[in-house]
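Here is how the chains run, residue by residue.
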Amino acid sequence: MKLVVAVIQDQDSNRLSNALTKAKFRATKLASTGGFLRSGNTTFLIGTEDNLVPTVLDLIRDNCRAREQMVAPVSPMGGNADSYIPYPVEVEVGGATVFVLPIEHFHHF
């Protein structure tokens, strides 16, 4: 048994959720916030059998894509003014960060 933890951008959340449901995978969605851009993310917790992990990874890969986006800088109030960029910059956002963890026990009550 494995626990797949996938952190994805909010824009890809519904598409991935629908794909997981269609493929009959159960998933728990958690709202989360990214550290770099302080933007909204969704973290999916997906428990699955070891042999189905590649299928889950394929679904994530197919439904969560990276894209270029212009972002306005966050004000350095209370932060480090040395790293403040005063104009919008283009950064790559999206895609997915995925962790696959071994599960010793699984119980469903």
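Residues numbered from 1 in each chain as written. Predicted model: local features only at pLDDT ≥ 70, side-chain atom pairs only at ≥ 80, totals over all residues. Heavy atoms only, no water.

An unreviewed UniProt entry lists the protein under the name Cyclic-di-AMP receptor, with Chryseomicrobium palamuruense given as the organism.

Pairing is antiparallel across the open sheet formed by 4 strands, whose spatial order is β2-β3-β1-β6. Unpaired on one side and paired on the other, β2 (28-33) and β6 (96-102) mark the two borders of the sheet. Neighbour to neighbour, the strand axes of the sheet diverge by 20° on average, direction disregarded. The strands touched by helix α1 (residues 13-22) within the sheet are β1 (2-9), β2 and β3 (40-48), with β3 carrying the most contacts at an inclination of about 15°. (Pairing = 2+ DSSP bridges. Helix = DSSP H or I, 4+ residues; strand = E, 2+ residues; numbered from the N terminus. Axes fitted to C-alpha atoms, helices over the stretch in contact; angles between N-to-C directions. Contact = heavy atoms within 4.5 Å.)

Let us look at the nonpolar core. One finds Ile8, Leu16, Leu20, Phe44, Ile46, Val56 and Ile60 to be the most contacted residues of the largest nonpolar core, which totals 13 residues. Secondary-structure elements contributing two or more residues to this core are β1, α1, β3 and α2 (53-63). Non-local contacts of Leu20, meaning those with residues more than four positions away in its chain, are made with Phe25, Ala27, Phe44, Ile46 and Leu59. (Core = buried A, V, L, I, M, F, W, Y, C linked by side-chain atoms within 4.5 Å. Buried < 20%, exposed > 50% of the residue type's maximum accessible area, 1.4 Å probe, protein only.)

Looking now at α2. Restricting attention to buried positions, one finds in α2 the residues Val53, Val56, Leu59, Ile60 and Asn63. Buried residues in α2, looked at end-on, bunch into an arc of 125°, giving them a common side. Exposed positions of α2 whose direction lies more than 90 degrees from the buried face are Arg61 and Asp62. (Arc of directions from axis to C-beta.)

So, on to the pairing of β3. Where β1 lies against β3, 8 bridges are found, and the strand directions are antiparallel. Within β3, the residue paired with Val4 across the bridge is Ile46. Note that β2 and β3 share 6 bridges and pair antiparallel. Each bridged residue has a counterpart across the sheet, and for Ser32 the counterpart in β3 is Asn41.

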